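Each chain, written out:
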Amino acid sequence: MRKQLVRLFVATGTVAGALALAVPSAMAAGVWSVAGGLNWASVQAARTTFVLTDATTGIAVTCTVAAGAGTVVNQVQLANSTIGNVTSSSFGSAATKCAGPLGSTGIISQKANTTGLIIAGAFAAGVTTATITGFDEILSINSILGACTAEIAGTAGITYANGNQLLQFTVARDILTSKAVAGAGCAGLIKNGDVITFSSGAGGETVVGAPNNPIIITSP
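Everything numeric in this text was worked out from a predicted model, so none of it was measured.

## Quick look at the state of the cysteines
Alright, step 1. Counting across every chain of the model gives two disulfides.
Alright, step 2. A sulfur-sulfur separation of 2.0 Å characterises the disulfide bridge that pairs Cys63 with Cys98. Between Cys63 and Cys98, the S-S torsion sits near 105°, and that sign places the bridge as right-handed. Of the two residues, Cys63 is situated in strand E5 (residues 60–63) and Cys98 in strand E8 (residues 98–99); the sequence distance between them amounts to 35 residues.
Alright, step 3. Owing to a relative accessible area of 1%, Cys63 belongs among the buried residues under this scheme.
Alright, step 4. There is a disulfide in this structure between Cys148 and Cys186, and the S-S distance comes to 2.0 Å.

What follows is the structure, encoded as structure tokens:
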């Protein structure tokens with residue numbers, strides 16, 4: 001019997017983008033199949049707050065808007081568990097900026113010329129557990145101390161629910177660190193090598209596929 005999985009982000013950007021945490025290939029039980037696509041786009045669900053947290057220093061940056069886009073692998077059978085990618089993602093915008101420490105505001109956006117891979121890990125009760133590997137976002141904020149930029153890279157944990165096409169960022173599988181930290185505005189609040197987490201809490205990003213919607217992913 002085939003289990004119905006999802007129509008994909010993750011994003012993300014937002015999703016983001018949405019868009020992570022590494023799921024070993026051994027966890028990808030069976031063969032993943034995709035019907036729909038080939039493209040997807042996402043925006044924040046109502047009342048969602050995306051939170052980037054520096055677990056080393058304790059500071060947080062919160063965003064209330066997001067957008068993401070990418071593709072899915074439209075096949076009957078896949079040889080591995082990579083089911084799509086994230087080609088663009090952003091959190092915050094010129095009109096609705098993210099808020100950080102010391103009154104700072106800014107945006108988080110996917111680094112140019114990077115692509116995140118969406119890797120399916122498990123499926124239960126209509127929800128797919130997955131990761132975005134190659135997650136690579138640039139944090140750009142400004143405060144009274146000046147500008148601060150930092151690259152947040154690694155693997156981001158996500159889930160996707162069939163019932164409402166909601167892509168969520170989770171903390172449990174995150175393997176993210178900061179690098180290329182620069183600017184007086186960083187003020188030691190974020191440093192190279194800090195452990196970073198990214199979460200959308202109870203909210204997330206709503207995913208829409210094109211030309212078909214929703215994208216349906218199934219697994220034996």
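Still to come is the rest of the account.
## Quick notes on the packing of aromatic side chains
Alright, step 1. Applying the stated criterion across every chain, the model contains six aromatic pairs.
Alright, step 2. An angle of 75° between the planes, with centres 5.8 Å apart, marks the rings of Phe91 and Phe169 as edge-to-face. Placement of the pair is Phe91 in strand E7 (residues 82–91) and Phe169 in strand E13 (residues 166–182), with a sequence separation of 78 residues. Taken individually, Phe91 and Phe169 each receive the classification buried, so the pair is uniform in this respect.
Alright, step 3. Between the aromatic rings of Phe135 and Phe198, the centroid separation amounts to 6.2 Å while the plane-to-plane angle is 45°, which identifies the pairing as tilted. Of this pair, Phe135 sits in strand E11 (residues 127–143) while Phe198 sits in strand E14 (residues 195–199), and the two are 63 residues apart along the sequence.

## A closer look at the pattern of salt bridges
Alright, step 1. Within the structure shown, the criterion is met by three salt bridges.
Alright, step 2. Across the pair Glu151 and Lys111 runs a salt bridge whose closest N-O atoms are separated by 3.3 Å. With Glu151 in strand E12 (residues 146–161) and Lys111 in the loop between strand E9 (105–110) and strand E10 (116–124), this residue pair connects regions lying 40 residues apart in the sequence.
Alright, step 3. Its relative accessible area of 7% is what places Glu151 among the buried residues.
Alright, step 4. Taken together, the shared-partner salt bridges connect Lys111, Glu151 and Lys179 into one network.

Cut-off values and rules
Residue indices follow the written sequence of each chain, beginning from 1 at its first position. Only residues with pLDDT of at least 70 are given local features in this predicted model, and only at 80 or more are side-chain atom pairs given and counted; all residues enter the totals for whole chains, interfaces and linings. Excluded from the side-chain calculation are hydrogens and water; included are all heavy atoms of the structure. The disulfide definition used here is simple: a pair of cysteine sulfur atoms within 2.5 Å. Counting from the N terminus, the helices are DSSP H or I runs at least four residues long and the strands are E runs at least two residues long. The rule is simple: take the accessible area with a 1.4 Å probe, protein chains only, and divide by the maximum for that residue type; under 20% is buried, over 50% is exposed, in between is partly exposed. Note on aromatic pairs: the rings of Phe, Tyr and Trp (six-membered ring only in Trp) are paired at centre separations within 6.5 Å, and the planes decide the class, stacked below 30 degrees, edge-to-face beyond 60, tilted for the rest. When a carboxyl oxygen of Asp or Glu lies within 4 Å of a side-chain nitrogen of Lys or Arg, that pair is called a salt bridge.

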